[in-house]
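As a plain string of letters, each chain reads:
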Amino acid sequence: MQTAPREKGKGKMKNKLLTGILLSLFSGSAVMAANRPNIVFILADDHAWDVMGHRGNPVVKTPHLDQMAADGVSFLNVHHTSPICLPSRASIMSGRHESACMVGFSNPYNRTFSVKEFKDAFPTVLRDAGYYTGYVGKYHFTVKDKKADKGTRAKKLKVMDGVPQPEYAGCQLSSFFDVWRGVPGQGTYWNEGYYGSEKGKHASQVRADQAIAFLREAKGRDEPFCLTVGFKAPHGPWREKETVDPRFYEWYRDVQMPIRKNMTFADFKKLPESVKAGYRGSGFNQKGKMLQLYQERLKARGEATPGPIPWERIQELDAGDPESFDLFAYTLYRDEEAFQETQRIYYSLVSGMDHAIGRIRAELQAQGLADNTVVIYMSDNGSFLGARMLSGKELLYAESARCPLIVVDPRLPETRRGATSDSLLSAIDLAPTMLELAGCKIPSAMQGQSMVPAFRDPSAVLHDAVFIENHYTGMGWGSTPESKRMKAELGNFESRAVVTDRYKYIRYDNTNPVVEELFDLK
């Protein structure tokens, strides 16, 4: 396996010296063992916090994630900082909010990391402290010599010897890792073709292959290692031929998939008008298709459709019979069978990823590494999966903003295995956590707090409140004149939230009028 050269001045002798200094400084810490722990960080994409067997889901098959929960600690009150892939991954790596690092999709939060900034991200700090580091899979954000705007973030892929390379031109991210197997953009589920061994294999299994190759190489080295595995799963597209490993689709082919309790029109009506009419996951927005359906139904009744969408009258279109109201027709799924099939594909992707995670953990055991390797699992955001009659993510409700997190630390006492924690946590706590595990100083730029106290104490208090934000408002509203008119009238759905143990407050700053929501979480 090819490795990236370390930065000048960061050679083996210097790393050994740093390691010795750190070990002497932290020898009295409860976190430090005789050898600093290895770390395997597994990051999923769009995995809803409750689509796992140990979280009570009666349908999904996730035996390996369930085993992780049995072997470690499950954290039940963790929140994404920006629940959509690019800014979320940037925040996880840097330990900083999107509004601090400015790495996201929408102006002005559409910048790259600079090389200088990324030197404070957890992979770089670990590497500088003597860790052997690797990255496989989806990464999504970019690091450039100087901080740049969106116009220079995603240029064409590099080409070497006529072969496209898995990193965008001008991106410096690979230079921060000893082993780089990153995949740019969204990647594909089949036949990625970047490293010569992916043909005929599903991307989730390719991630496992690459992780296993790294572990076999890392075993023979003196220094500890940190491997980050970025899965595409269970991100869409959710069309069977394009996405699914057939082995896992068979598990759900004839299964009646669950419908979330809050997939109701009553829950949809509570949403801000701009979300109902313009959010990309609302059935009403997609280039006006649902608006068109609504207008066609009214026309069939001999009625006109002036002005904004009269939400209160939608159910009347079905002859006044509540049981005949076609809930699915007013979602992106269009009908119930399409909803069922989408859920089967989503669950199949989750199970395929779970299988790959099982392979990685089995290799740790086979190589004799499991007893000194901390394994961390989380996702970059959740997914509505029909809740509130929505698809997608990025809005700040629990379905998209609540984060699955499992930590297996084999050094913890037996009494903490299979435990749960209700400590209020943020996704930006991940970076300082890994640095404390490794005995590293936490950079002052990081805004998160180390979760390590919560590993041992389920009632540990790290935060009085955590902050969530959404600055992504693209891919919505559609292009019809009516959609454009409503966008100008209602505003967009950029929003911020504060969460405590008891309450969640969401504010939509750019709606007309401003919308504020307060939820009692007890």
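Remember, it's a predicted structure, so these values are computed and weren't measured experimentally. Counting restarts for each chain, with residues numbered from 1 along the sequence as it is written. Only residues with pLDDT of 70 or above have their local features reported here, since the model is predicted, and side-chain atom pairs are shown and tallied only from 80 upward, although totals for entire chains, interfaces and linings are computed over all residues. The basis for every side-chain value is the complete set of non-hydrogen atoms in the structure, without hydrogens or water.

Here we come to the pairing of strand 1 (residues 38-44). Taking burial as the measure, the seven residues of strand 1 include seven buried ones, the bulk of the element. Alternating residues of strand 1 divide into N38, V40, I42 and A44 and I39, F41 and L43, and every residue in both groups is buried. Pairing analysis gives seven bridges linking strand 1 to strand 11 (residues 373-379), with the strands arranged parallel. What sits directly across from V40, in strand 11, is V375. The pairing criterion is simple: DSSP has to find at least two bridges between the two strands. Elements are defined by DSSP. Helices are runs of H or I of four residues or more, strands are runs of E of two residues or more, and each kind is numbered from the N terminus. Of the strand pairs in this sheet, strand 1 and strand 10 (residues 225-230) are connected by five bridges, and their pairing is parallel. Within the sheet, the bridge partner assigned to I42 lies in strand 10 and is V229. Working definition: with a 1.4 Å probe on protein chains only, accessible area under 20% of the residue-type maximum means buried, over 50% means exposed, and in between means partly exposed.

Now for the confidence of the model for the chain. Confidence of the predictor in every single residue is expressed as pLDDT, which spans 0 to 100. Confidence in the prediction of the chain, expressed as mean pLDDT, is 86, and 83% of residues score 70 or more. Here residues 7-14 is a poorly scored stretch, pLDDT under 50, and it has five contacts once near neighbours within four places are set aside; other chains count. Counting contacts from residues 16-34, a segment whose pLDDT is below 50, to residues more than four positions away or on other chains yields 22 contacts. Only heavy atoms enter the contact rule, under which two residues are in contact if any of them lie within 4.5 Å.

Further remarks concern the packing of aromatic side chains. Any pair of Phe, Tyr and Trp rings, taking the six-membered ring for Trp, is counted once the centres come within 6.5 Å. Such a pair is stacked with planes under 30 degrees apart, edge-to-face with planes over 60 apart, and tilted for the rest. Taken as a whole, this structure holds 23 aromatic pairs when the rule is applied. Note on Y139 and W180: the rings are 5.1 Å apart at their centroids and 55° apart in plane angle, and the pair reads as tilted. On the criterion of sequence distance, the pair formed by Y139 in the loop between strand 5 (132-138) and strand 6 (143-144) and W180 in strand 9 (residues 179-183) is long-range, its members being 41 residues apart. Residues F214 and F225 carry aromatic rings whose centres are separated by 5.8 Å and whose planes lie at 80° to one another, so their mutual orientation is edge-to-face.

Strand order in this open sheet of eight strands is 9-5-10-1-11-12-2-13, and the pairing throughout is mixed. Both outer strands of the open sheet, strand 9 and strand 13 (419-421), are each paired with one neighbouring strand and no more. Strand-to-strand twist of the sheet, defined as the mean angle between neighbouring strand axes without regard to direction, takes the value 15°. Between N-to-C directions, angles span 0 to 180 degrees; the directions come from axes that are lines fitted to C-alpha atoms, helices contributing only their stretch in contact. Against the sheet, helix 7 (residues 203-219) engages strand 1, strand 5, strand 9 and strand 10, with an angle of about 175° to strand 10.

Checked against the element boundaries, G278 lands in helix 11 (residues 273-278). Residue class for G278 comes out buried when judged on its relative accessible area of 0%. As for G278 and K484, which are separated by 206 residues in sequence, their C-alpha atoms are 9.4 Å apart.

Below, the discussion takes up the pairing of strand 17 (residues 503-508). Successive side chains on a regular strand alternate, one facing one side of the sheet and the next facing the other. Residues of strand 17 alternate between two faces, with K504, I506 and Y508 buried on one and Y503, Y505 and R507 left unburied on the opposite face. Of the strand pairs in this sheet, strand 16 (residues 495-499) and strand 17 are connected by five bridges, and their pairing is antiparallel. Paired with R496 across the strands is R507, a residue of strand 17. Linking strand 16 to strand 17, which pair antiparallel, is a turn of three residues. Between strand 17 and strand 18 (residues 515-520), which pair antiparallel and follow one another directly, the connecting turn spans six residues.

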